[in-house]
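Structural features, examined
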Amino acid sequence: MNEHTQHSPARRNRRGRHAVAAAVAAGVVAAGVLAPTAAFAGAKPDNVQQGLNALVKDDGLPAALASVKGRDGRTRTYTAGVGDLATGAKVPVDGQIRAGSNTKTFTAVVVLQLVAEGKIGLDAPVETYLPGLLRGDGIDGRNITVRQLLQHTSGLPDYMEAPALADFTPIQYRYFEPRDLLDGALAQKASFPAGTSWEYSNTNYVVAGLLVQKVTGRPVGEEITKRVIDRIGLRHTYFPTPGDTTIHEAHPHGYFRSSPDAAPIDYTDMDSSMAWATGAIVSTNTDLNAFFTALLGGRLLPPAQLAQMRTTVPAELLGPGIRYGLGLQSRPLSCGGLAWGHGGTSPGYRTRGGVTDDGRAATITVTTVPGEAGAQHMAAALDAALCR
C-alpha cells in the first residue's frame with residue numbers, strides 16, 4: 001500500500017478513511033522503551049534515536065524502529081516505544097514489518113527484468129499481453145502502456161476507493177482475488193486519459209502483477225522470490241502465500257484505528273491479498289536497505305532498464321520535491337543529492353526509506369499510520385538519518 005494503506009496517500013488523506021490516530025494512551029507511551037539497541041546503551045542518543053523517541057512521545061505512535069547505514073559503511077539499528085500494547089513487550093531490534101507499497105518496487109523490477117529479456121515491451125499496450133482485461137468508463141487497455149502502469153500515468157482509478165475496501169475493520173482476514181481488486185477499480189471512471197497526468201493508483205500494480213503471471217506462467221510472488229529476494233539474499237523478506245496471515249519472525253505489533261477517536265485494533269495478522277503485487281511483502285528495515293542498495297547498484301537490472309526506472313516525473317502529491325520513476329521514488333535531501341526508494345503503508349505499519357548513490361541507506365517504520373504531523377516528522381527523521 002504506499003500509501004498502502006495502501007495508498008494513494010494523497011487520496012486516502014482527502015477521504016480520511018484510513019486515518020489511524022496518532023495518539024496512544026499516555027500511560028502506555030510512558031511505559032515504552034525509548035532507547036537505542038543494546039550496542040548503544042549508555043551512549044548519548046544521536047539524532048536518529050531522538051527522532052524515533054519524538055515519534056513515540058510527541059506523535060503518540062506505539063513504536064518506531066530504524067536501520068541506518070552511514071557514510072562509514074556501518075549499519076546501526078534503533079528502537080523506541082513498545083512492541084505490543086497489550087503486554088508492553090519491547091520492540092524487537094530490526095523486527096519484521098509489513099512493507100506495504102515497497103512491494104511495488106519489487107514488482108517493477110520483475111517487469112523490467114522481463115523487458116530486458118525481450119518478453120515484455122515497455123511501451124507496448126497492456127492489451128498486447130492481457131487482451132480485453134481493461135475496459136471501463138474512459139478505460140481501454142489498448143491505450144495504456146506498460147510504462148504508464150509502472151509510472152502511475154495510466155489514469156486507472158484506485159481500487160482502494162471501492163466500497164468493499166471502505167473500512168478495513170471487517171476485512172482483516174478476508175481473501176481477495178486479484179480480479180476482485182481490479183473489478184473495484186473498473187467500476188469507477190478513469191481519473192484522466194492515459195499519459196496526460198500523474199496519480200498514484202494501486203490498480204496499476206495489480207495489473208502489473210497479472211502481467212507478470214501471464215508472461216511467466218507463474219504466481220507473481222514466486223517470481224519476486226526467485227528473481228529478487230533469493231537472488232540478493234534477503235533472508236528476512238517474503239511474499240506471503242495465499243492464506244498466510246501471520247508475520248513469521250520477531251516483529252512489533254501493528255495497530256489500526258477506523259477513526260481518530262476509535263480504539264486501536266491489532267492489525268498485525270491480516271490477509272494481505274488486499275494488497276497483493278502492490279503491497280503484500282513482509283520485510284525488515286535492514287533488508288529494505290539492502291534491496292534498494294542492490295537495485296541502485298545495478299545488481300538486479302541491466303543499465304538500460306535501471307536508467308528507465310530512474311527516469312522520473314513530478315509526484316508532488318507524495319511530498320515536496322518527490323518524483324516518481326518506474327516503481328521508484330526520488331526525494332531531495334537537505335544535505336544535497338537525492339534519496340531513492342519507495343515507502344509503504346499497511347493498516348498497521350508505515351515505512352519510509354531511501355538510499356543514496358554514495359551508499360548511505362536508512363529506513364524508518366512506525367506501527368500505526370500517523371497523522372499529518374507524524375508523517376512530516378517521519379520524513380524529517382529520514383532526512384536526518386541520511387544527512388548525519
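Structure: see above.
In this report, we go over the structure that sits alongside the text.

So, how was this worked out
Residues numbered from 1 in each chain as written. Predicted model: local features only at pLDDT ≥ 70, side-chain atom pairs only at ≥ 80, totals over all residues. Heavy atoms only, no water. Core = buried A, V, L, I, M, F, W, Y, C linked by side-chain atoms within 4.5 Å. Buried < 20%, exposed > 50% of the residue type's maximum accessible area, 1.4 Å probe, protein only. Helix = DSSP H or I, 4+ residues; strand = E, 2+ residues; numbered from the N terminus. Contact = heavy atoms within 4.5 Å. Expected span 1.5 Å × (residues − 1). Axes fitted to C-alpha atoms, helices over the stretch in contact; angles between N-to-C directions. Parallel < 35°, antiparallel > 145°, perpendicular 65-115°, else oblique. Left-handed = near helix turned anticlockwise from the far one by under 90°. Nonpolar A, V, L, I, M, F, W, Y, C, P; charged D, E, K, R; others polar. Arc of directions from axis to C-beta. Pairing = 2+ DSSP bridges. Salt bridge = Lys/Arg side-chain N within 4 Å of Asp/Glu carboxyl O.

Moving on to the nonpolar core. Within the largest apolar cluster, 82 residues are counted, with the highest numbers of intra-cluster contacts made by Phe106, Leu134, Leu150, Phe291, Leu295 and Met309. At the level of elements, helix H4 (102–116), helix H5 (146–151), helix H6 (178–186), helix H7 (203–216), helix H8 (220–229), helix H9 (285–296), helix H10 (303–309) and strand E14 (349–355) are the ones that each hand at least two residues to this core. A total of eight residues in this core trace back to one element, the largest contributor, which is H4. Apart from the residues lying within four places of it in its own chain, the contact partners of Leu295 are Thr105, Val109, Leu300, Leu301, Leu306, Met309 and Leu328. Formed by 21 residues, the second largest nonpolar core is a distinct cluster that contains Ala339, Ala381, Leu382 and Cys387.

Taking 1.5 Å per residue, 14 residues should reach 20 Å; H7 reaches 20 Å between its end C-alpha atoms and fits that length. The buried fraction of H7 amounts to 10 of the 14 residues, a majority that puts the element mostly inside the structure. Regarding H7, the residues found buried are Thr203, Asn204, Tyr205, Val206, Val207, Ala208, Gly209, Leu210, Leu211 and Val212. Of the surrounding secondary structure, the elements contacted by the buried residues of H7 are H4, H5, H6, H8 and strand E10 (323–324). Immediately beyond the C-terminal end of H7, within one or two residues, lies Gly217, with a positive phi of roughly 75°.

A few words now on the packing of H4 against H7. Contact geometry of H4 with H7 gives a least axis separation of 10 Å together with a crossing angle of 40°. On the basis of the axis angle, H4 is oblique to H7. As for the relative orientation of H4 and H7, their crossing is left-handed in sense. The segment H4 lies against H7, with Lys104, Thr107, Ala108, Val110, Val111 and Leu114 engaging Tyr205, Ala208, Gly209, Val212, Val215 and Thr216. Of the residues belonging to the contact of H4 with H7, the class tally is eight nonpolar, three polar and one charged.

So, about the environment of Arg352. As for its placement among the helices and strands, Arg352 is situated in strand E14. Taking relative accessible area as the criterion, Arg352 reaches 12% and is therefore assigned buried. It is 7.3 Å that separates the C-alpha atoms of Arg352 and Ala379, two residues lying 27 residues apart in sequence.

With that out of the way, let us pick up H8. Buried residues dominate H8, accounting for seven of its 10 residues. Within H8 the residues assigned to the buried category are Val220, Gly221, Glu223, Ile224, Arg227, Val228 and Ile229. Along the axis of H8, the buried residues cluster in a sector spanning 160°; they form a single face. For H8, the secondary structure elements touched by its buried residues are H4, H7 and H9.

A few words now on the pairing of strand E12 (residues 338–341). Pairing geometry for strand E11 (residues 329–332) and E12, over four bridges, is antiparallel. Across the sheet, the residue bridging to Ser330 is Trp340, located in E12. Remark: five residues form the turn of the hairpin made by E11 and E12, two consecutive strands paired antiparallel; Gly336 in that turn has positive phi of roughly 100°.

Our next topic: the pattern of salt bridges. Per the stated rule, a full pass over the model turns up 15 salt bridges. Here Lys119 makes a salt bridge to Glu117, at a shortest N to O gap of 3.3 Å. Here Lys226 makes a salt bridge to Glu223, at a shortest N to O gap of 3.6 Å. Within this pair, Lys226 and its partner Glu223 are both found in helix H8, separated by three residues, close to a single helical turn. Judged by relative accessible area, Lys226 falls into the partly exposed class, the value being 44%.

In short, shape yes, function no, at least from these values alone.
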